[in-house]
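Structure at a glance
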Amino acid sequence: MSFPKEFLWGGAVAAHQLEGGWQDGGKGLSVADVMTVAEGDNDATKQRKITESVLPDHYYPNHEAIDFYHHYKEDIALLAKMGFKAFRTSIAWTRIFPNGDDEQPNEEGLKFYDDLFDEMLKYNMEPVVTLCHFELPLNLVKKYGGFRNRKVVDMFVKFAVTCFKRYENKVKYWITFNEINNQADVNFEFTAFTNSGVLYKEGENRYQTLYQVTHHEFLASAKAVIEGHKINPDFQIGCMLAVNPIYPETCNPMNQIAQVKELDTRLFFYGDVHCRGHYPAYILKLWEKEGIEVKMEDGDLEILDKGKVDYISFSYYQSLVTKWDETAKKPVRTKNSYVKASDWGWQIDPVGLRYTLNILSERYELPLFIVENGIGLHEPMTTEEIQDDSRIAYFAEHIAQVKKAVEDDGVALMGYLTWGPIDIVSAGTGEMEKRYGFIYVDKDNKGNGNLTRRPKKSFYWYKKVIASNGEDLAN
Ligand code: BGP
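What counts, and at which threshold
The numbering scheme is per chain: residues are counted from 1 as the chain's sequence reads. A pLDDT threshold of at least 70 governs which residues receive local features in this predicted model, and a stricter bar of 80 or more applies before side-chain atom pairs are shown or counted, although totals over entire chains, interfaces and linings include all residues. Hydrogens and waters are ignored; side-chain quantities use all the structure's heavy atoms. Numbering goes from the N terminus for both helices and strands, where a helix is a DSSP run of H or I of at least four residues and a strand is a run of E of at least two. Each residue's exposure class comes from its accessible area (1.4 Å probe, protein chains only) as a fraction of the maximum for that residue type: buried when under 20%, exposed when over 50%, partly exposed otherwise. The pairing criterion for strands is at least two bridges between them, as found by DSSP. The definition used for a disulfide is geometric: two cysteine sulfur atoms within 2.5 Å. Inter-axis angles, ranging from 0 to 180 degrees, are taken between N-to-C directions of lines fitted to C-alpha atoms, where helices are fitted over the stretch in contact.

**Regarding the environment of A400**
For A400, the position within the fold is in helix α13 (residues 389-407). With a relative accessible area of 27%, A400 lands in the partly exposed category. Distance from A400 to E471, taken between C-alpha atoms, is 9.1 Å for residues 71 residues apart in sequence.

**Digging into the pairing of strand β5 (residues 236-243)**
The buried count for β5 comes to 7 of 8 residues, which makes it a mostly enclosed element. Where strand β4 (residues 173-177) lies against β5, 3 bridges are found, and the strand directions are parallel. Each bridged residue has a counterpart across the sheet, and for W174 the counterpart in β5 is I237.

**A few points about the state of the cysteines**
Within the structure shown, the criterion is met by 0 disulfides. You can see C275 has no disulfide; the closest cysteine sulfur is in C239, sitting 4.4 Å from it. By relative accessible area, C275 is classed as buried at 11%.

**Focus on the sheet that holds strand β9 (residues 330-334)**
A sheet is described by the order of its strands in space; here 3 strands give the open sequence β6-β8-β9, paired in mixed fashion. Both edges of this open sheet fall to β6 (246-248) and β9, since each of them pairs with a single strand only. Pairs of neighbouring strands in the sheet enclose a mean axial angle of 45°, with direction left out of account. Alignment of strand β8 (residues 320-325) against β9, held across 5 bridges, turns out to be antiparallel. Its bridge partner lying in β9, D325 is registered against K330.

Rendered as structure tokens:
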């Protein structure tokens, strides 16, 4: 048997992408509540609009999402039917501290997650909880500039500690910040907003902002790890990285340098600080050369060192390719002719997952946890069972590679969670019709539909995979 007996099979979601109930139970507005559905005909590049507040005549898909807030019992029962051993969700910060800077937590919000975790535990489903998954209180953006402001560090820690104490006996696995590194590309304004509540100002040095913001997030994460372990030494508190392995286009030596540069600044920098507890030499040099000055206070570096994470969780969807551009003197992206892409242009590469597991395992020697993997598909509404054979093939090929990493390469892996086991709102585009689920939800991009849930063919396939502990991948 390649997977250990206690291997955590299951799925993952984020509160804002499925809960709905945007004004229920005393919840405040979050960044996700002011994002529309992306428009445009190019699936790969369309982006969501961010509005200053909730405006009339705009459709905000996260407001209702799939109304998990009112359907969670039915949904958890369906996941339990598949045999889920773990379910990852996030705690919406705005249910607990509606404005982010409130004195007291909101009891109704705390109670909702008590009930939700109890429901999972009833089926022996381990909760895996992300504290900050793209849902900062909007008030923190407006009043403080999001994580630009050091004050937000302690607000996050207060939120984390409130959750640690309240759910001490229900939740063991925690994640501090979802995909902390996906804001590394500063040309992409959307991730600065969703990850950190940052709206770039005209003409500002975005890299200066990025590194200041991430310093604050590293501190917030490290402080949460330190405080969490005081509350319960058995807590497992991890970081979360969006991993897109980046291959060099050819064996041209300069393309290897392009790969090193890209991986360092987009991935390893974030993993290194979280796992090794200090800033790596390559980033200190980059700051020096680019004139970036990150404001730190006495004791910060000690906190980073003490607050190292217990494990590394990560998402994996696709791999990328880079080459050195001699004219621009920097790496540039190029296509991979060896792999196909999804309808949204995401390059499908199962072997890249094995590669990822290897590079993370070798570099950090920490347990790994795959907490997102999956494929978004167009699946038109039908009354028949959806025959999602291409999803089954995607998962079978990825799990086969995960197996090799565990069996042949000696990677220590805690579990495998698929992204969006039930159809939910896409984070990147706001579409409902970018479907990841084993369970179909009757709702479209405009909000039409009666929210009925229906298992797809893959529902029964994944159930069999879990029951056989990953041995039976046949369709
Ligand atoms: C990751 C996020 C998720 C999620 C997933 C799929 O970046 O952590 O929140 O949604 O990607 O992306 P999308 O929903 O844009 O297809």
